[in-house]
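One-letter residues, chain by chain:
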Amino acid sequence: MQVSSLNEVKIYSLSCGKSLPEWLSDRKKRALQKKDVDVRRRIELIQDFEMPTVCTTIKVSKDGQYILATIVFLHNDRYIEFHSQSGFYYKTRIPKFGRDFSYHYPSCDLYFVGASSEVYRLNLEQGRYLNPLQTDAAENNVCDINSAHGLFATGTIEGRVECWDPRTRGRVGLLDCALSSVTADSEINSLPTISALKFNGALTMAVGTSTGQVLLYDLRSDKPLLVKDHQYGLPIKSVHFQDSLDLILSADSRIIKMWNKNSGKIFTSLEPEHDINDVCLYPNSGMLLTANESPKMGIYYIPVLGPAPRWCSFLDNLTEELEENPESTVYDDYKFVTKKDLENLGLTHLIGSPFLRAYMHGFFMDIRLYHKVKLMVNPFAYEEYRKDKIRQKIEETRAQRVQLKKLPKVNKELALKLIEEEEEKQKSTWKKKAKSLPNILTDDRFKVMFENPDFQVDEESEEFRLLNPLVSKISEKRKKKLRLLEQQELPEKEEEEEPEGKPSDAESSESSDDEKDWVAEVRKQRRLLQQEEKRKRQEQRREDQQTVLKPQFYEIKAGEEFRSFQDSATKQKLMNKTLEDRLKLEAKHGTLSVSDTTVGSKQLTFTLKKSEQQKKQQEAEKLHRQERKRLRRSAGHLKSRPRRGRPFH
């Protein structure tokens, strides 16, 4: 017995390994069990439960008393064999090669589908064939009958499902599953045909396609409720429902997937050693049976699906003992790859082979095979990997050395200030708390601040001088230290200790003096800024007065006509310029002025250009105001003299 686990679901394989020969004596069997742990853990539930060559189908009776494992009862030569407990009973033939059949209990009819458009009906009570059902398909692959209301459904080679009413022998519905199975993530290279079909209850039906998709339908809608892809591209061979956990078991030749029929989430999966031909659930239990491409049947016990059958109820106690040493399914030696990775490596032809294991949205493949193929695709990949490893080792050894203070190219003084603050935090009493705080120098979000010259702090700007009034007191000390660091000289550490016996009043007086100095420095900086602004305005006015406008002459080339300077070509040329060039041009003409504010922002003032008509109108209004001013008479003589006595309120 072996134990595997996926998604925390334990699966106990009861058919792994070889059983002990029957001719061994009990004494030798006990001796082997003491020596070999695998022999001691081996369980053989059903003796001689194997076929001479291979098994293609496995079924369990409804009462759970019988398990049928067949080679073929629906033969390849169109014969149908009937067996009883005593052995072979009767054999008959159908007109075309058959592929699947279902039994209709109310009418005692056998429905056969195969390489024909007709569905053959054999009545076991009368012992004769009835009129067949004529479908629109060229061939039919699978069929099933709903046990609740007797609806007969057949899956066609064109990817459709036809539903028939056995009472009226008429078709009641047609479902196109091939179109619905194609999703945005699936890659279809051929027409999906129906390879599996299963009813559950009165309204639910699951359909499996030859391209590896499982579609869940409600019979009241022609759109699937859910589409599940096995990722292998292999035909779905069997679909079963597990009602207690709302699970659907779908199997292709490589894997058995168990997933929730409401959400589509994978519950667990199972990959037998041999290719799968058929899957069967033992009624009302957690036992799973498989027919494989090997003589031996597969028996698996999954406790979460249900209890063990009554005839092997001891499995519940054995599984508790085996949980001490479980064999988990761990993919340490595998590499997860997606379909895009397989295309880059040229391994898409391995999909569906034992070299790839479908998992979620990709596949697991052997890590050794992955490295070999990657080396063939990119011969220099190993050299790059080796250089990266060497570089990592060198950086690790450098980290163990004494770290020198290396300043960035941009904002060196700001970086030095942050380094000093970090050193002060390390020396402080709340050292542990300071370590948890973020550091701008090591934060990737602020690395551009110390790399891009556009982020250089302008210490001569108005904002910097107002928001940092005390910068002048410490700038000289920091600049001196900066020069020493640039010369790659380590600065001497100066420890400033608090003098003993210092009274608390002295500390309060120092803090008050610092506040006074800060206010005085702010006022001083503001006065200096006002004086500088005044001096700039005076210099600008003096330059404007000294500027003398000189006439400019333009020469027109031969063969060209004079056009206005404000034509469309000039405007188009202006529009082709960048915003920065246009702003410079506007500032040059005087229609744009830029000024800085005290809060660190920029203020732009635009002056709109006036047309000739507007200028003439303004000039006429100005002359009109001057004329009225000359004609206006003074009304000063109308002023009344102040009265004597008590004022009136």
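Above: the structure in question.
Rules and cut-offs
Throughout this document, residue positions are counted from 1 along each chain, in the order its sequence is written. Thresholds applied to this predicted model are a pLDDT of at least 70 for local features of residues and 80 or more for the giving and counting of side-chain atom pairs; totals over whole chains, interfaces and linings are not thresholded and use all residues. Calculated side-chain values reflect all of the structure's heavy atoms, with hydrogen atoms and water omitted. At least two bridges found by DSSP between two strands is the condition for calling them paired. To qualify as a helix, a DSSP run of H or I must reach at least 4 residues; to qualify as a strand, a run of E must reach at least 2; elements of each kind are numbered from the N terminus. Under this scheme, a helix contributes an axis fitted over its contacting stretch, all axes are lines through C-alpha atoms, and angles between N-to-C directions fall in the 0 to 180 degree range. The rule for a salt bridge is simple: a side-chain nitrogen of Lys or Arg has to be within 4 Å of a carboxyl oxygen of Asp or Glu. Note on aromatic contacts: the rings of Phe and Tyr and the six-membered ring of Trp form a pair at centre separations within 6.5 Å, being stacked when their planes are under 30 degrees apart, edge-to-face when over 60 apart, and tilted otherwise. When a residue's accessible area, from a 1.4 Å probe over protein chains only, is under 20% of the maximum for its type it is buried; when over 50% it is exposed; and in between it is partly exposed. Should the NZ of a Lys or the CZ of an Arg lie within 6 Å of a ring centre and within 35 degrees of the ring normal, that charge is described as sitting over the ring. Buried Ala, Val, Leu, Ile, Met, Phe, Trp, Tyr and Cys residues form a nonpolar core when they are joined through side-chain atoms within 4.5 Å. Contacts are residue-level and defined by heavy atoms, with any inter-residue pair within 4.5 Å sufficient.

(A) Fine view of the sheet that holds strand E7 (residues 98-104). Ordered by their spatial adjacency, 4 strands build an open sheet running E7-E8-E9-E10, and the pairing between neighbours is antiparallel. Only two strands of the sheet have a single neighbouring strand rather than two, namely E7 and strand E10 (128-134). Recorded for the sheet is a direction-independent mean angle of 25 degrees between the axes of neighbouring strands. Two strands pair when backbone bridges link them, and strand E9 (residues 118-123) and E10 are joined in this way by 5 bridges, in the antiparallel orientation. Bridging across to E10, asparagine 123 finds its partner in arginine 128.

(B) Quick look at the pattern of salt bridges. Scanning the model with the defined rule gives 9 salt bridges in all. Residue aspartate 366 pairs with arginine 368 through a salt bridge whose shortest N-O separation is 3.2 Å. Within this structure, Asp136, Glu162 and Arg171 form a network of salt bridges that share partners.

(C) Focus on the packing of aromatic side chains. Inspection of every chain in the model, using the stated rule, returns 7 aromatic pairs. When the ring of phenylalanine 82 is compared with that of tyrosine 90, the centres are 6.3 Å apart and the planes differ by 35 degrees; the resulting orientation is tilted. We classify tyrosine 90 as partly exposed; its relative accessible area is 46%. Measuring from ring centre to ring centre gives 4.7 Å for tyrosine 103 and tyrosine 105, while their planes differ by 80 degrees; the resulting arrangement is edge-to-face. A relative accessible area of 30% places tyrosine 103 in the partly exposed class. Judged by relative accessible area, tyrosine 105 falls into the exposed class, the value being 56%. Over the ring of phenylalanine 97 we find arginine 78; its NZ or CZ atom is 5.9 Å from the centre of that ring. One Lys or Arg, lysine 91, reaches over the ring of tyrosine 79 and ends 4.6 Å from the middle of that ring.

(D) Just the pairing of strand E6 (residues 87-93), in detail. By the bridge criterion, 6 bridges tie strand E5 (residues 79-84) to E6 in an arrangement that is antiparallel. By the bridge assignment for E6, isoleucine 80 is matched with threonine 92. Remark: 2 residues form the turn of the hairpin made by E5 and E6, two consecutive strands paired antiparallel.

(E) Spotlight on the nonpolar core. Ranked by internal contacts, the top residues of the largest apolar core, which has 21 residues, are Leu14, Leu45, Met287, Ile299 and Leu315. For this core, the secondary structure elements donating two or more residues are strand E3 (57-60), strand E24 (287-292) and strand E25 (298-301). The element best represented in this core is E24, accounting for 3 residues. Among residues more than four places away in sequence, those in contact with leucine 45 are Leu14, Met287, Ile299, Trp311, Cys312, Phe314 and Leu315. Within the second largest apolar cluster, 15 residues are counted, among which are Leu247, Leu270, Ile276 and Tyr300.

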